[in-house]
Amino acid sequence: GGGKEKVDLPITFEDTATVDYALVDFGGNASSIVVDPTDPDNLVGQAIKTDMSELWAGTTMGDNGLASVIPFQDGETKMSVRVWSPDAGIPVRVKVEDATNAAISVETEAMTTTAAAWETLEFDFNNQADGTAAINFNNTYDKISIFFNFGTTGAEAGEKTYYWDDTKFIGGGGGGSSKDQIDLPITFEDTATVDYNLVDFGGNASSIIVDPTDPDNLVGQAIKTDMSELWAGTTMGDDGLLKAIPFAAGATKMSVRVWSPDAGIPIRIKVEDATNAAISVETETSTTVAMAWETIELDFANQADGTAAIDFANTYDKISIFFNFGTTGAEAGEKTYYWDDVEFIGSGKAQVDLPITFEDTATVDYALIDFGGNASSIVVDPTDSDNLVGQTIKTDVSELWAGTTMGINGLASAIPFGPGATKITIRVWSPDAGIPVRLKVEDAKDPSISVETETATTTAMAWETIELDFANQATGTAPIDFANTYDKISVFFNFGTTGIEAGEKTYYWDDVQFIGNGKEQVDLPITFQDTANVDHAMVDFGGNVSDIVADPTDPDNIVARIVKTTGAETWAGTTVGDFGLANAIPFAMNNTKMNIRVWTPDAGIPVRIKVEDANDTNISVETEAMTTVTEDWEVLEFDFTNQADGTAAIDFNNSYSKISVFFNFGTGGTDAGEKTYFLDDIIFGGVTSVDVLDAAENGIRVFPNPTSNFFQVEFEETLNETVQLTLFDLNGKLLKAVRTIDQISRIDVNDVTPGMYFLRIEKDNVHYFQKLMIAK
């Protein structure tokens, strides 16, 4: 083996520098290890079944057998192999045998179901192939061979090329459906489909149980018994993780949520090579609270005393946790600990997500990853010193497919593609017009799932926003499939041209956003006026039916109409913005209110507002207000520090970026009958005045409206005290504030960008408001 390690399961072909895969052909096969034709970052086995091959032609992985015996036992008889075949319906046979005695073997078969695509086949050695020996758990099986199109000669089929990868022992998986191998993040929620396989050592006793503080959550429980060693711990996944932990320079951190009966308890994490226990890194930190959950961060760049330093050339794909490391059970007494949410967090920064703006380099891990000869970094925008952007140098040695991936582990959230919602925009700067810019989105866990699309720049040496529609895939690439997950994104400048042809060129990009159907994502304040450009994306549930219509009391105004039908549930409601708001609601201490203008057919109707994290529906706050008028508009104020009974309190550490409205909450349509409600002007920033009123309806003129250079505010009567006039933009940002005692006041807006604004008028402890359109 030339000093290399002996091959062992799982066989991934990724470690050719250190593992002796030793493919041995027989019967006319010609096999080798090659780059995956569908993924340039992956290595696979290639088997060419030549036109001279025998019907039994195959390939053995590892000439001298495996390093470890395959752990077959009763109920644990399955293996899986990922294969690529040019045809569906091809029999693939796997044979395992005793490396020291070829008379001892078991063979079984599975059939390909797809053509020219990867799929994972499962092989159950409890179902041996006809005419071959049955499995015997007293035997040793430590050698493995694969046969493509078993039973057909090359003369009959013609020369064919097959690929295979990820040969694994998967045991039983519970009554016939094998479980997935454990992988990060580890949450313990998928016990039905994931083999967490907790393995204790040194006196620990671990299991997966219901979280004692949350009956809807599953966690790991570790009892460090009174007989435990100081090094007692628990390994998560005896066979290691599905994928190696992606450590890299500057990306060495993991986090674990833990519960300890005591503060100051040292918790150690060890990661190692699942095939070589001599390769490992250990690091440690301590709990800071007692009898409560906390998230601890561990940095493997700071190895524990006396343990090996991290080496980025190594593979780390097995993980163990040690509670109260360094203290025996005899010293501490029996103690119970809990852990959950084991995650790789890289630099400790938040995982990148759309929209990508490059502004939060201190807190977001943008992690630009180049391939094919690109050299990318985050730099100051050469046209705006207050802006950060991505810079890509496509070097003179770059490949035609050179590109850059944003986020080493993909996006924090899957891109919410759906029918009619397939567009992404990106702002780009190119030295030349007519340059093809390609975007590729893929499944971060399965690079064989991807969509690519392309457009061209139209200007040279200037910023422009280009729109890319993934419903129009690039020639020769896969179409979008809404059943798939797309949570990784890459950009390619001047796709199809090498650096040698074009010479070294520098490009910039910024503001990568999902725009769905091409409209802007809805954001506060929500006025329903700009339906041509804003995607209000109203989604009903529980029996509501909503749409956007002309205000029944003002034909120049657009509002939302919500019908709570006779079949509606007590909790029927409507979400405004299916994908959430463009920006999180900026809640802060003493700034927790929203105003909403509503029209209801009855007074005394409870209106509930729920705000939640668009990426995590477990995070939410709900509050209520009561209507006071019948068949008329009024402004209700909602204070989220007064949460509805039985719902969560506001937490300023959380993100709230999605909003839903419930009319007549708590009463079903069967009891109330069908009722129609109207909704408008959802505004953040409640006021403490005794009322909030419409300016025009209360004798206050704001004109001209629309305006271009100025507007005037005119009161019916002479003012006896100072009035405050405040102009806000659509994000709630204060633009102008004027104090006046004049009956008519003129406000200059020459310096204000065209768009929709809000004017708030504070007079006699009453707040009035007026929409104002500035058009130039």
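Residues numbered from 1 in each chain as written. Predicted model: local features only at pLDDT ≥ 70, side-chain atom pairs only at ≥ 80, totals over all residues. Heavy atoms only, no water.

**Considering the overall build of the chain**
Per the secondary structure count, the chain includes 4 helices and 56 strands. The dimensions of the chain, computed from C-alpha atoms along their principal axes, are 105 × 70 × 55 Å. Counting only residues that meet the buried cut, the chain has 50% of its 776 residues in that class. By sequence separation, contacts in the chain at least 24 residues apart represent 71% of the contacts at least 6 residues apart. Entry remark: accessible area of the chain is about 33,700 Å², with carbon and sulfur atoms responsible for 47%. When the 46 basic and 123 acidic side-chain charges of the chain are each reduced to a single mean position, those positions are 2 Å apart. (Helix = DSSP H or I, 4+ residues; strand = E, 2+ residues; numbered from the N terminus. Buried < 20%, exposed > 50% of the residue type's maximum accessible area, 1.4 Å probe, protein only. Contact = heavy atoms within 4.5 Å. Areas by Shrake-Rupley, 256 points an atom, 1.4 Å probe, with all protein chains shown as cover. Lys, Arg positive; Asp, Glu negative; His and termini not counted. Charge placed at Lys NZ, Arg CZ, Asp CG, Glu CD.)

**Points about the side chain of asparagine 664**
Mapping asparagine 664 onto the fold places it in the loop between β47 (658-663) and α4 (669-672). Non-local contacts of asparagine 664, meaning those with residues more than four positions away in its chain, are made with Lys564, Thr570, Ile605, Pro606, Ala672 and Tyr677.

**Overview of the environment of tryptophan 599**
Looking at the secondary structure, you find tryptophan 599 in strand β43 (residues 593-600). Sequence separation of tryptophan 599 and valine 635 is 36 residues, and the distance between their C-alpha atoms is 8.9 Å. Separated by 3.4 Å, the side chain of tryptophan 599 and the backbone oxygen of glutamate 631 make a polar contact. (Polar contact = N/O pair within 3.5 Å; in protein donor to acceptor, adjacent residues only side chain to side chain.)

**Things to note about the sheet that holds strand β51 (residues 710-714)**
Strand order in this open sheet of 3 strands is β50-β51-β54, and the pairing throughout is antiparallel. Strands at the two margins of the open sheet, each flanked by one partner only, are β50 (701-703) and β54 (744-748). With direction set aside, neighbouring strand axes in the sheet form an average angle of 15°. Relative to β51, β50 runs antiparallel, the two sharing 3 bridges. Looking at β51, one finds that arginine 701 is bridged to glutamate 714. (Pairing = 2+ DSSP bridges. Axes fitted to C-alpha atoms, helices over the stretch in contact; angles between N-to-C directions.)

**Here we look at the packing of aromatic side chains**
A full pass over the atoms with the stated rule returns 37 aromatic pairs. Here the aromatic rings of phenylalanine 587 and phenylalanine 684 are separated by 5.7 Å at their centres, their planes lie at 75°, and the arrangement is edge-to-face. Taken together, the positions of phenylalanine 587 in the loop between β42 (573-576) and β43 and phenylalanine 684 in strand β48 (residues 675-684) put the pair 97 residues apart, joining distant regions of the chain. Centre to centre, the rings of phenylalanine 663 and tyrosine 677 are 4.7 Å apart; their planes meet at 5°, and the pair counts as stacked. Of the two residues, phenylalanine 663 sits in strand β47 while tyrosine 677 sits in strand β48, which places them 14 residues apart along the sequence. When its relative accessible area of 2% is taken as the criterion, phenylalanine 663 is described as buried. Taken together, the aromatic side chains of Phe13, Tyr21, Phe148, Tyr162 and Trp164 make up a single cluster linked through ring pairs. (Phe/Tyr/Trp six-rings, centres within 6.5 Å; stacked < 30°, edge-to-face > 60°.)

**Regarding the environment of glycine 646**
Considering the arrangement of structural elements, one finds glycine 646 in the loop between β46 (632-639) and β47. For glycine 646, a relative accessible area of 87% puts it in the exposed group. Along the backbone, glycine 646 and glutamate 622 are 24 residues apart, and their C-alpha atoms lie at a distance of 9.4 Å.

**A closer look at unusual backbone geometry**
Most peptide bonds take the trans configuration, and most residues that are not glycine carry a negative phi. Of note, the amide linkage connecting leucine 184 to proline 185 takes the cis form, showing an omega dihedral of -10°. Looking at where proline 185 falls in the secondary structure, it is placed in the loop between β13 (180-181) and β14 (194-195). Cis geometry marks the peptide bond from asparagine 705 to proline 706; its omega dihedral reads 10°. Position of proline 706 relative to the elements: it lies in the loop between β50 and β51. Positive phi, close to 50°, is recorded for glutamate 631, a residue that is not glycine. Relative to the helices and strands, glutamate 631 is located in the loop between β45 (616-626) and β46.

**Digging into the pairing of strand β40 (residues 544-551)**
Where β40 meets strand β41 (residues 554-564), 8 bridges bridge the pair, whose relative direction is antiparallel. Counted as the bridge partner of serine 546 is isoleucine 562 from β41. Taking the residues that link successive antiparallel strands as the turn, the β40-β41 hairpin has 2 residues.

**What to know about the pattern of salt bridges**
When the charged atoms of two side chains lie near each other, side chains of opposite charge can form a pair. Under the criterion given, the structure shown has 32 salt bridges. Put simply, glutamate 637 and lysine 593 hold a salt bridge, and the shortest N to O gap is 3.5 Å. Residue glutamate 637 is found in strand β46, and its partner lysine 593 is found in strand β43; the two are separated by 44 residues along the sequence. Classification of glutamate 637 as partly exposed rests on a relative accessible area of 29%. Bridged by salt links that share partners, the residues Arg597, Asp680, Asp681 and Lys771 form one connected network. (Salt bridge = Lys/Arg side-chain N within 4 Å of Asp/Glu carboxyl O.)

**A look at the pairing of strand β32 (residues 436-443)**
Across the 8 residues that make up β32, a large majority, 8, are buried. Both faces of β32 are covered, namely the face carrying Pro436, Arg438, Lys440 and Glu442 and the face carrying Val437, Leu439, Val441 and Asp443. In the sheet, β32 pairs with strand β33 (residues 446-456) via 8 bridges, with the strands oriented antiparallel. Residue pairing across strands places valine 437 opposite threonine 455, the latter belonging to β33. The turn linking β32 back onto β33 is made up of 2 residues. Note: β32 against strand β35 (residues 488-493), 6 bridges, orientation antiparallel. In the strand pairing of β35, lysine 440 is matched with serine 490.

**Overview of the sheet that holds β35**
Across the sheet, 5 strands lie side by side as β27-β30-β35-β32-β33; this open sheet has antiparallel pairing. Unpaired on one side and paired on the other, β27 (368-371) and β33 mark the two borders of the sheet. On average, each strand axis in the sheet is inclined to that of its neighbour by 25°, with strand direction left out of account.

**What about a negative patch on the surface?**
Taken together, the side chains of Asp180, Glu189, Asp190, Asp214 and Asp216 present a region of like negative charge at the surface. Take aspartate 214: its relative accessible area is 30%, and that puts it in the partly exposed class. (Patch = residues over 30% accessible without salt bridge, like charges linked within 9 Å, V, L, I, M, F, W, Y side chains within 5 Å.)

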